[in-house]
Amino acid sequence: MRLTTYFVPTLKEIPADAQMPSHRLMLRAGMIRPLSAGIYSLLPLGWRVWRKVIEIIREEMDRIGGQEFHLPALNPRELWEETGRVAAFGDTMFHIKNRDYVLAPTHEEIITSIARGSVRSYKDMPQIWYQIQTKFRNEPRPRSGVVRGRQFTMKDSYSLDGSWEGLDESYRKHHEAYCRIYDRCGLKYFVVGASSGAMGGSGSEEFMVESDAGEDLCAFNLESGYAANIEVATSAVPPVGRLEANPPAEKFATPFAKSIDDLVEQFGIEETRCAKSLVYFADETPYLIFMCGNDQLNEAKLQSALGVSHVRPARDEELAELTGADAGSIGPINLKTPLPQIADRRIAHANGMVSGANENGFHYRNIDLDRDAAITAYHDLRMVEEGEPDPLGGRPLRVKRAIEVGHVFKLGTKYSEAMGATFLDAQGREQPIIMGSYGIGVERIVACHIEQRHDDDGIIWHPNIAPFHVQVTALKIESPLVRESSERLYTDLREAGFEVLFDDRAGLNPGFKFKDADLLGLPLNVIAGEKNLKNGNIEIKIRATGERRILPIGEAVEACAALLDELRKT
RNA sequence: CGGAGCGUAGCGCAGCCCGGUAGCGCACUACCUUGGGGUGGUAGGGGUCGCGGGUUCAAAUCCCGCCGCUCCGACCA
């Protein structure tokens, strides 16, 4: 394409609203334009990159036997009522006003509805069905450019199997395909164990790209290979255990102690001997929860431990009503209302604990959780902290922010049971189809790629997803020598099979063209300037390294081919 | 949904406190100039100052309401 006619509106100035480098560069390079919060138009250059990524995904999905579908985004609400997900999504799902339709935020329901009509026998499986399509989610707060939008492109696939071993195999295939996809897109990523959430299922992993702008936290240790989303991460932090002496619980006045730190400071109590008491509502049932010292409650763990779809902390007035005291003075003894009680494993069966007396200004010491509390279960409920020993070998954990670029998920039979998608097994018994669901965010791949590959001047595309392979830059195209040579280069490179962007604009200074070229960030820039052409030479600049090579014009095509092969390996 | 900030030309911003001719840089158009890192110049075009209401002789500016956008937090199956 020629820049004289191709629509690439680059920006010299940085758009004020964009914070992330990838967001700024996509705007500046003329790839996208914002339309509304979390909604972007893809301009020709941006769309070329999307198509490259999509093609890589398509090839890898086909390689594992995936079959491409194209499912409707407009869905009857009724279908979503069958699985209870209209309520589960709540405001996150878009509802059409003048007809009873919703805009699909994902496609488990549609897939299951097709399967229940047409998959009847174990002989019909396994199946891997996928599509690459626009998804709609009414995100309360879109952010980070295309990373969290209300409308976005997603590759979603679904596996249908007649056995749990079959599901394991479909899951493994997806895992492998995903690794190949990210590798081919030139992304540095890592895989973490992830929460299956409230939607059921037996296992799930996320593909993560480290980024300060990420919305997820991951705990990992590179040596041991442990890596998990903070929502499920555990550590080998030692349990508190029991003390020899076990005197009766004793109330004492703590008029100025509102926090664990206050108790530690004012009464010399060991932090780990404090049982922090929290009240949470789990699907409308209040629970009293005990944590060790200053350990943070991990709400995702609480949610899955209790098997509920929603948890929230009790409000101040609810606290007073249920316990008789305010936050900071709550505990297991003398509760105003009996509450179901659970606790973190770290303080399992501990004694000698200090906790609130359910009376403002008083605490109890020498609490034996087995004797004085009514704890029904101990769960892993705590948020791991940086530096804690990892659960595999006790090496220190690191906690980093990351962006989720993919998620593989063993769904099991939740949807097939809810919607009656069954098959007959070899014994003639009716069974629910065993499903998996797997997603990749296309715009997140592009954004993360730019996050990882850019400098102060612009983007540094990996050849596999660069919008074009090579730029030809004609300096002073008004000169007949430059015009003629650059036109020939443009033609020769295209005939050799390269995708070429030709900066044939007149009246622009070399500096201006170089800046634009660096911003667009194509892997190679073949520069045709009068100075070198007079000696029969051109110059090739490698975007990634800044290296420049001067060589005879006749060798340009060959050199580009060799350099691109090199660059593909990075 | 809580907290903060911002809406003035395509983009980035000033003007607002203290009411009285709507301004700057970039971009755009024409011509000249320059030609290896966003050249320099001359002359131009482009704005219901987010929307609605109010106060006033007079509102971008003061008051009320709404809408939109961004950031922090909550949420994110």
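A brief structural summary.

Criteria and thresholds
Numbering of residues starts from 1 in each chain and follows the order in which that chain's sequence is written. By the order in which they are written, chains take letters starting at A while ligands take numbers starting at 1. Confidence filtering applies because this is a predicted model: local features only for residues at pLDDT of at least 70, side-chain atom pairs given and counted only at 80 or more, and all residues used for totals across whole chains, interfaces and linings. The side-chain figures draw on all heavy atoms in the structure; neither hydrogens nor water molecules are used. The way it works is that DSSP assigns letters per residue, a run of H or I at least four long becomes a helix, a run of E at least two long becomes a strand, and they are numbered from the N terminus. A simple rule labels every residue: compare its accessible area, found with a 1.4 Å probe on the protein chains alone, to the largest value its type can have, and call it buried under 20%, exposed over 50%, or partly exposed in between. The contact rule is simple, with two residues in contact once any of their heavy atoms fall within 4.5 Å. Note on areas: Shrake-Rupley, 1.4 Å probe, and residue coverage restricted to the protein chains presented here. Asp and Glu count as negative and Lys and Arg as positive, but His and the ends of the chain are not part of the count. We put the charge of a Lys on NZ, of an Arg on CZ, of an Asp on CG and of a Glu on CD. Stacked, tilted and edge-to-face are the three classes assigned to paired rings of Phe, Tyr and Trp, where Trp is represented by its six-membered ring and a pair needs centres within 6.5 Å; plane angles under 30 degrees give stacked, over 60 edge-to-face, the rest tilted. DSSP bridges decide pairing: two strands pair if at least two such bridges lie between them. Axis angles are defined between N-to-C directions and span 0 to 180 degrees, where every axis is a line fitted to C-alpha atoms and, for a helix, only to the segment in contact.

For the rest of this paragraph, the subject is the overall build of chain A. Counting its secondary structure elements, chain A contains 16 helices and 31 strands. Based on the C-alpha atoms only, the size of chain A along its principal axes is roughly 100 × 65 × 50 Å. Per-residue burial for chain A yields a buried fraction of 53% across its 570 residues. The long-range fraction of contacts in chain A, counting pairs at least 24 apart against all pairs at least 6 apart in sequence, stands at 68%. Accessible area of chain A: about 25300 Å², with a carbon and sulfur share of 49%. One finds the centroid of the 67 positive side-chain charges in chain A at a distance of 5 Å from the centroid of its 83 negative side-chain charges.

Let us now look at the packing of aromatic side chains. Per the stated rule, a full pass over the model turns up twelve aromatic pairs. Both rings, one in Tyr178 and one in Tyr182, keep their centres 6.2 Å apart while their planes meet at 85 degrees; by these two values the pair is edge-to-face. Taken as a pair, Tyr178 and Tyr182 lie in helix 6 (residues 164-184) at a separation of four residues, close to a single helical turn. On the basis of relative accessible area, Tyr178 is assigned to the buried category, the value being 0%. On the basis of relative accessibility, which here comes to 0%, the residue Tyr182 falls in the buried class. For the pair Tyr178 and Phe207, a centre-to-centre distance of 5.4 Å together with 55 degrees between the ring planes defines the contact as tilted.

A word on the sheet that holds strand 27 (residues 470-474). What the five strands build is an open sheet, ordered 28-27-29-30-31; its pairing is mixed. Bordering the open sheet on either side are strand 28 (500-503) and strand 31 (548-552), each of which pairs with just one other strand. Across this sheet, the average inter-strand angle for adjacent strands is 25 degrees, counted without regard to direction. By the bridge criterion, four bridges tie strand 27 to strand 28 in an arrangement that is parallel. In the strand pairing of strand 28, Val470 is matched with Val500. Contacting strand 27, strand 28, strand 29 (524-528) and strand 30 (537-542), helix 13 (residues 480-495) runs over the sheet at an angle of about 170 degrees to strand 27. Contacts between helix 16 (residues 556-568) and the sheet are confined to strand 27, strand 29, strand 30 and strand 31, with strand 30 contributing the most and set at about 10 degrees to the helix.

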